[in-house]
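# Architecture and fold: a report
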Amino acid sequence: MKILIVGGAGYIGSHNVRLFLDRGYEVVIVDNLNTGHMSAVDKRAKFYKCDIRDKAELKAIFEKEQPDGVVHFAALSLVGVSMKQPLEYFSNNVYGMQILLEVMKETGVNKIVFSSSAATYGDVEKMPITEDTPTNPINPYGETKLMMEKMMKWCDMAYGIHYVSLRYFNAAGAYDDSSIGEDHNPETHLIPLILQVPLGKRDHISVFGNDYDTRDGTCIRDYIHIMDLADAHVRAIEYLLKGGESQIFNLGTGDGQSVNEMIVAAEKAVGKPIKKEYAARRAGDPARLIASNKKAKDILGWEPKYSLDKIMETAWLFHQKHPDGYNDK
């Protein structure tokens, strides 16, 4: 089976490429390298540098490779940037999805797994979040992800393009051998920011708010290891290849860790204290975001296997090995 992975040079995409290859799939990567890294591209995969909005080039790739299915990671994903540059997000994410679906329709490829996000839900008070929780995005990033899901829904009804949308929460960790991991610019994710302190790249980690209604006053999030996410994508494409109907699934542990608890876990992995300073709350940060993963367990047979300690251990190994990231820009 041949799977075409758009965005396969990025953080989540590159780990999925690795797992699909390890499980015997032939993999074709399409990535424009705007945020991805050639250093993260597995040499066993065929690579095309291409923006998915370039319809002629993308269609030529599909016609040449004739994939059995598509996995889509080629979306911009920084919430803060999306607030300042919404048109860029609508162009890359929504228009990019339009072109991808047009090419799939025209070349007869009718199975797609989509990397969605908990940002489609917005600010939710009732936990855990289920797939039936109302969607009400509070930023352009979440809005584009929800629009992309709706585009797939209507294309399923009109053209029979079956999809699985995976709404995940906080992706974390790195590949076990530390060869690939998390490298964003700018970096906004908590774990890399925490680990920049023992790496000497920042004096302290700022904790935004310690007066939330949580067990220690800091925000709680549901952290899921990157390889658990990759396993879900493989299961999702196999579900579609076996004739499964279109579905949306949450991916999370069903549990959550506070910011302070994440710092303690990092201190355990690093083996020394990590300096922190409390700062004012950030606007729009909900107290807790925790996923229900029951539907994914019931239908895909998926459940997370990596512990918080393993998440932090693999992340620390990667950042020790790549203190300045991949350095391939």
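Everything in this summary refers to the structure shown in the same document. Note that the coordinates shown come from a computational prediction; the quantities given were computed from them, not determined experimentally.

Within the open sheet, the three strands sit side by side as 12-9-14. Their pairing is mixed. Whereas interior strands pair on both sides, the edge strands pair on one side only; in this sheet they are strand 12 (257-258) and strand 14 (288-289). Bridge count for strand 9 (residues 220-221) against strand 14 is two bridges, and the pairing is parallel. When the bridges of strand 14 are listed, Arg 221 appears paired with Leu 289.

We now examine the layout of surface pockets. It is the rolling of a water-molecule-sized probe over the atoms that shows where space remains empty. By volume, the second largest pocket amounts to about 230 Å³. Along its surface, the second largest pocket is lined by 16 residues, and Asp 183, Gln 196, Lys 201, Pro 323 and Gly 325 are the ones closest to its centre. Elements represented by at least two residues in the lining of the second largest pocket include exactly helix 6 (190-195) and helix 10 (308-321).

With that out of the way, let us pick up the packing of helix 8 (residues 259-270) against helix 10. Look at helix 8 against helix 10: their axes get within 9 Å of each other, and the N-to-C directions meet at 60°. For the element pair helix 8 / helix 10, the angle class is oblique. Read as a crossing pair, helix 8 and helix 10 show a hand that is right-handed. Residues Met 262, Ala 265, Ala 266, Lys 268, Ala 269 and Val 270 of helix 8 touch helix 10, and the partners they reach there are Leu 308, Asp 309, Met 312, Glu 313 and Trp 316.

With that settled, consider the packing of aromatic side chains. Applying the stated criterion across every chain, the model contains three aromatic pairs. The aromatic ring of Tyr 159 is capped on one face by Lys 105, whose charged end is 5.2 Å from the ring centroid. It is Lys 295 that lies over the ring of Phe 249; its NZ or CZ is 5.4 Å from the centre.

Turning our attention to the packing of helix 2 (residues 55-65) against helix 4 (residues 86-107). With their axes 10 Å apart at the nearest point, helix 2 and helix 4 run at an angle of 40° to one another. With respect to helix 4, the axis of helix 2 lies oblique. Note on packing geometry: the crossing formed by helix 2 with helix 4 is right-handed. Contacts between helix 2 and helix 4 pair Lys 55, Leu 58, Lys 59, Phe 62 and Glu 63 from the former with Ile 99, Leu 100, Glu 102, Val 103, Met 104, Glu 106 and Thr 107 from the latter. Its residues assigned to classes, the contact of helix 2 with helix 4 comprises six nonpolar, one polar and five charged.

Per the stated rule, a full pass over the model turns up 22 salt bridges. Where Asp 42 meets Arg 44, a salt bridge forms, and the shortest distance between an N and an O atom there is 3.0 Å. The closest approach of N and O atoms between Asp 324 and Lys 201, which form a salt bridge, is 2.6 Å. With a gap of 123 residues between them, Asp 324 in the segment after helix 10 and Lys 201 in the loop between helix 6 and strand 8 (205-208) connect regions that are remote in the sequence. Residue Asp 324 is classed as partly exposed on the basis of its relative accessible area of 48%.

This brings us to the pairing of strand 8. Of the two faces of strand 8, the one lined by Ile 205 and Val 207 is fully buried and the one lined by Ser 206 and Phe 208 carries no buried residue. In this structure, strand 8 lies alongside strand 13 (residues 276-279), joined through four bridges in parallel fashion. Bridge pairing links Ile 205 to Lys 276 in strand 13.

Bringing the environment of Phe 318 into the picture now. Relative to the assigned elements, Phe 318 resides in helix 10. For Phe 318, a relative accessible area of 1% translates into the label buried. Residues Phe 318 and Asp 183, 135 residues apart in the sequence, show an inter-C-alpha distance of 9.7 Å. Setting aside anything within four residues of it in sequence, one finds Phe 318 in contact with Ala 174, Ser 178, Ser 179, Ile 180, Gly 181, Glu 182 and Tyr 326.

Ranked by size, the top nonpolar core spans 44 residues in total, and within it Phe 20, Val 27 and Leu 166 carry the most contacts. Taken together, the elements giving at least two residues each to this core come down to strand 1 (2-6), helix 1 (11-22), strand 2 (26-31), strand 6 (162-168), helix 7 (226-241), strand 11 (247-251) and helix 9 (294-300). Broken down by element, this core gets its largest block of residues, ten residues, from helix 7. Residue contacts for Leu 166: discarding those within four places in its chain leaves Val 113, Phe 114, Ser 115, Ser 116, Ser 117, Ala 232, His 233, Ala 236, Phe 249 and Leu 251. Counting 28 residues, the second largest nonpolar core, distinct from the first, contains Leu 58, Phe 62, Met 148 and Met 152.

What follows concerns helix 10. Helix length check: helix 10, at 14 residues, gives a terminal C-alpha distance of 20 Å against a target of 20 Å (1.5 Å per residue), a fit within 8%. Taken together, the buried positions of helix 10 are Ile 311, Met 312, Thr 314, Ala 315, Trp 316, Phe 318 and His 319. Along its buried surface, helix 10 packs onto strand 7 (170-172), helix 6, strand 10 (223-225) and helix 8.

Cut-offs used in this document
Residues numbered from 1 in each chain as written. Predicted model: local features only at pLDDT ≥ 70, side-chain atom pairs only at ≥ 80, totals over all residues. Heavy atoms only, no water. Pairing = 2+ DSSP bridges. Helix = DSSP H or I, 4+ residues; strand = E, 2+ residues; numbered from the N terminus. 1 Å grid on protein atoms, 1.4 Å probe; cavity = no way out; pocket = protein on both sides within 12 Å on 5 of 7 lines; lining within 4 Å. Points joined across faces, edges and corners; volume = space filled by probe spheres on them. Axes fitted to C-alpha atoms, helices over the stretch in contact; angles between N-to-C directions. Parallel < 35°, antiparallel > 145°, perpendicular 65-115°, else oblique. Left-handed = near helix turned anticlockwise from the far one by under 90°. Contact = heavy atoms within 4.5 Å. Phe/Tyr/Trp six-rings, centres within 6.5 Å; stacked < 30°, edge-to-face > 60°. Lys NZ or Arg CZ within 6 Å of the ring centre and 35° of its normal. Nonpolar A, V, L, I, M, F, W, Y, C, P; charged D, E, K, R; others polar. Salt bridge = Lys/Arg side-chain N within 4 Å of Asp/Glu carboxyl O. Buried < 20%, exposed > 50% of the residue type's maximum accessible area, 1.4 Å probe, protein only. Core = buried A, V, L, I, M, F, W, Y, C linked by side-chain atoms within 4.5 Å. Expected span 1.5 Å × (residues − 1).

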